Amino acid sequence: MNNINVLKPRRENFQTYLYVGSGLIFVSIFDVILRSFFSLNFSSFLPGILNLFFPLIIGLVGLQMIRLEYSGNRIVDKINESVNNNTFNAGLTLLIIFLTLLATPPALNWMIFDATISGDTKEACVGSEGACWTYIKVWFRRFMYGMYPNEFHWRINTAFMILIGFAFVGYFMRGKLKNYITFYYAIFYPIIAFIIINFLISGGSFGLEWVETNAWGGLSLTFIVSFFGLIFCFPLGMILALGRRSELPVIRYISIGYIEFWRGVPLITVLFMSSVMFPMFLPSDAFVDKLIRVIAAIILFEAAYVAEVIRGGLQALPRGQYDAAKSLGMGYWRMQIFVILPQALKLVIPGIANTFLALVKDTPLIFVVGLSEVVGMLQMAKTNPKWLGFAMEGYIFASILFWAICYAMSKYSQYLELKYKTER
Amino acid sequence: MSESIIQMKEVNKWFGDFQVLKDINLDVKEKQKIVVCGPSGSGKSTLIRCINRLEEHQKGQIIVDGNELSEKTKDIEKIRAEVGMVFQQFNLFPHLSILDNCTLAPIWVKKTPKKKAEELAMKQLEQVQISDQAMKFPGQLSGGQQQRAALARALCMEPKIMLFDEPTSALDPEMIKEVLDAMVNLAKAGMTMIVVTHEMGFAKEVADEVVFMDEGMIVERAKTNDFFANPKNDRTKLFLSQIL
């Protein structure tokens, strides 16, 4: 009898195979755990390469032995179906498990067990093998608030608190007020936000000292840029999407021209132009703040993408919806507002979320015009002569921040999708 | 009979090079019920879609309730509001409940107060016997119920004319009857109706006249009894022999 047949389970003796197979798999995983966590190697009596691949081979044999269709055991069936349907997939699965196990101890050691968080100077980290979280701790305020003067940080905090408070107003709108909820969020809220940011963060009146936008930075700047970017690029994109499908040639071609232009240029050049070239076209006494120019550039840029996403949704609607709306006597705007857009926007929630996430992650590009949000501050800290050599910690910190923000947005978009789901 | 509410004179329409309507002459008097039949691709649907200008005709004249339809027509929405239409695919708005489907246009086009619009909608839904489904969404209803809801929605605008574009063609056989019953009731109530359909039983029961179309032309138009008893045109005879 050849080897393959020995490894192949049959229904009548599957119990035995299951015990032996899972035993082998257990041994293989156990071996890897011993190797990575305790630096023990009980197969060291084997010659070099065999020793190295010992767990993989044992594991493969084990998986081979439990591979039987409709075995009657739910867990085994699930494993066979998803990761063990052939030798190649079984091998990949084992490899991924083993590599994860092997990578865990060093990663944990670096991030937690050998890491330093005490102290306020670089010296605290000298001689340590692990990460230097002291660096993040010392620079934390800079990462959050940029070069904004320390004694005024409460102004940023208060402004954000107020804005979050106003954001929840919609939840408490009841009865007749509910009809104005869209109006509130689309028009009123951005205006409030602008006023609050202007007076509280920018300052210059009510006895608050003026802080120029060049000093703004860190995560708070990321939020400000993303917030205005998101809030304004959406309606602009919507209008462009409708424009591109308009029956009036002038409007259609303007929309097409706009969209194709902005989609064709890289964001980094747009930002650069907005800060360097744009002032040259203005009369010498006119002044538009750099931050406003940059946010405007981002809005104009992202609106083109939003427009195309929304157009996709518009195109997915059957013509019958337009027919029905028209036959009821609705004009263009009533048809769009009550019938077409609610359905189209619902369809494109995932696409919009995609574009919005991209926008948030594009904000670090504003460094080209000298504005430093989180990543920009990171660059600055990284090249500070007193704190050289901690780029890794900084980038990990920034990744976690961005991941948390983007994951929250992604979850929220899923929630919206579920909320507005109706059966067709 | 009173005067004509719809007049079509020498109406021609092309889709690209293909002529869908050839010299259509048709006038419909108030409270008249007309059934349009004919093989598929004969231009029946296009004909009635021209009446509320979902399709634009290129030559000829269409006058609906005293207003001529053309590019110059200013308030096409006003005319459409007076001409209700029921579609083959129902075309209910899937994001709105049945009640909201029915009240949307009265509230926003006719500026009816919300309360009154809802009362009217419930009355219309009662008429087509689905008032108990008012709070459901279209996707939760059967085809027959959806089509009756679509009928109620059109009636909520209190139109003078109702157009039906193959209202039963997308339905399961057992649901056809409930929709036809609703249409018969509407006909008895004295609505002006133009119905594109293959339901000859319905035609015999309610139609004053039957119009037979083929290849974009009106081949024959006759009183219902004459049409079925002694059709004059050979094409009509062939058509009737195949479907009856």
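None of the values given here were measured: they were computed from a predicted structure.

Q: What is the right way to read the domain arrangement of chain A from this model?
A: Segmenting chain A into domains produces domain 1 (2-113) and domain 2 (134-148 + 211-419). Distance between the C-alpha centres of domain 1 of chain A and domain 2 of chain A: 47 Å.

Q: Sorry if this is basic, but what is going on with the state of the cysteines here?
A: Two cysteines form a disulfide when their sulfur atoms are joined by a covalent bond. The tally for this structure, following the rule as stated, stands at 0 disulfides over all chains. Of the cysteine sulfurs around Cys233(A), a residue in no disulfide, the closest is that of Cys406(A), at 14 Å. No disulfide involves Cys37(B); its sulfur sits 18 Å from the nearest other cysteine sulfur, which is in Cys50(B). Of the residues examined, Cys37(B) reaches a relative accessible area of 0% and is grouped as buried.

Q: Mind showing me how you'd approach the interface of chain A and chain B here?
A: Accessible area lost upon the coming together of the parts serves often as the stated size of an interface. Contacts between the two partners involve 21 residues from chain A, matched on the other side by 26 residues from chain B. A combined buried area of about 2,100 Å² lies between chain A and chain B, and 63% of that area is made up of carbon and sulfur atoms. Here chain A is connected to chain B by 2 salt bridges. One salt bridge connects Asp323(A) with Arg49(B), and the closest N-O pair in it is separated by 2.9 Å. At the boundary of chain A and chain B, one finds 5 residue pairs in polar contact (both at pLDDT 80 or more).

Q: Any chance you could explain the sheet that holds strand β7 (residues 161-165) of chain B here in plain terms?
A: Across a sheet, strands are paired by hydrogen bonds formed along the backbone, either parallel or antiparallel in direction. Residue and element names in this part refer to chain B. Here we have 6 strands laid out as an open sheet, ordered β6-β7-β8-β3-β9-β10, and mixed in their pairing. Two strands close off the open sheet at either side, each with one partner strand: β6 (83-86) and β10 (217-223). With direction set aside, neighbouring strand axes in the sheet form an average angle of 15°. When β6 meets β7, the two strands line up parallel, connected through 4 bridges. Residue Val83 lies in a different strand from β7, and its bridge partner there is Ile161. Across the sheet, helix α1 (residues 44-51) touches β3 (33-37), β6, β7, β8 (192-196) and β9 (209-214), and the angle it forms with β7 is around 150°.

Q: What is the right way to look at the sheet that holds strand β5 (residues 67-68) of chain B in this model?
A: All names here are of chain B. Judged by pairing direction, the sheet is antiparallel, and its 4 strands sit side by side in the order β2-β1-β4-β5 without closing on themselves. In this open sheet, the two strands that pair with only one neighbour each are β2 (18-29) and β5. For strand β1 (residues 4-15) and β2, the ladder comprises 8 bridges, and the chain directions are antiparallel. Within β2, the position partnered with Ile6 by the bridge is Val28. In the packing of α1 onto the sheet, contacts are made with β1, β2 and β4 (59-64), and the angle to β1 comes to roughly 125°.

Q: Can you walk me through helix α17 (residues 374-382) of chain A in this structure?
A: Counting along an α-helix, one turn takes 3.6 residues, and residues three or four places apart therefore face a common direction. All of the buried residues along α17(A) are Val374(A), Val375(A), Gly376(A), Met377(A), Leu378(A) and Ala381(A). Turning to α17(A), the residues buried within the fold contact α6 (133-145), α10 (218-244), β1 (372-373) and α18 (391-419) of chain A.

Q: When you look at the environment of Lys44(B) in this model, what are you seeing that I'm missing?
A: All names here are of chain B. Of note, Lys44 is situated in helix α1. Given the relative accessible area of 4%, Lys44 is considered buried. Once the C-alpha coordinates of Lys44 and Val20 are considered, the two residues, 24 residues apart in sequence, prove to be 9.2 Å apart.

Q: Please clarify how the pattern of salt bridges should be interpreted in this entry.
A: A side chain with one charge may pair with a side chain of the opposite charge, provided their charged atoms come close. Taken as a whole and judged by the stated rule, the model has 21 salt bridges over all chains. The partner of Arg244(A) in a salt bridge is Glu260(A), and the shortest N-O contact between them spans 3.3 Å. A residue pair is termed long-range when its members are at least 10 positions apart, and Arg244(A) in helix α10 and Glu260(A) in helix α11 (residues 249-264) qualify at 16 residues. Take Glu260(A): its relative accessible area is 36%, and that puts it in the partly exposed class. Glu178(B) serves as the salt-bridge partner of Arg148(B), at 2.9 Å between the closest nitrogen and oxygen. With Arg148(B) in helix α5 (residues 143-155) and Glu178(B) in helix α6 (residues 173-188), this residue pair connects regions lying 30 residues apart in the sequence. A residue is classified by how much of its surface remains accessible, and Glu178(B), at 26% relative accessible area, is partly exposed. Shared partners join several salt bridges into a network, and the residues in it are Arg244(A), Glu260(A), Arg263(A), Glu308(A) and Arg311(A).

Q: Please clarify how the nonpolar core should be interpreted in this entry.
A: Buried together is how nonpolar side chains tend to be arranged in soluble globular proteins. Grouped together as the largest cluster of nonpolar side chains are 126 residues, with contacts concentrated most on Tyr135(A), Phe143(A), Trp216(A), Leu314(A), Met330(A), Met8(B) and Phe93(B). Broken down by element, the residue count for this core peaks at 13 residues, all from helix α13 (residues 290-316) of chain A. For Tyr135(A), the residues in contact, after removing those within four places along its chain, are Phe143(A), Leu378(A), Ala381(A), Lys382(A), Trp387(A), Phe390(A), Glu393(A) and Gly394(A). In this structure, Leu141(B), Ala207(B), Phe212(B) and Leu240(B) belong to the second largest nonpolar core, which totals 48 residues.

Cut-off values and rules
Residues numbered from 1 in each chain as written. Chains lettered and ligands numbered in written order. Predicted model: local features only at pLDDT ≥ 70, side-chain atom pairs only at ≥ 80, totals over all residues. Heavy atoms only, no water. Domains from an automatic or database assignment. Disulfide = S-S within 2.5 Å. Buried < 20%, exposed > 50% of the residue type's maximum accessible area, 1.4 Å probe, protein only. Contact = heavy atoms within 4.5 Å. Buried area = accessible area lost by both parts, 1.4 Å probe. Salt bridge = Lys/Arg side-chain N within 4 Å of Asp/Glu carboxyl O. Polar contact = N/O pair within 3.5 Å; in protein donor to acceptor, adjacent residues only side chain to side chain. Pairing = 2+ DSSP bridges. Helix = DSSP H or I, 4+ residues; strand = E, 2+ residues; numbered from the N terminus. Axes fitted to C-alpha atoms, helices over the stretch in contact; angles between N-to-C directions. Core = buried A, V, L, I, M, F, W, Y, C linked by side-chain atoms within 4.5 Å.

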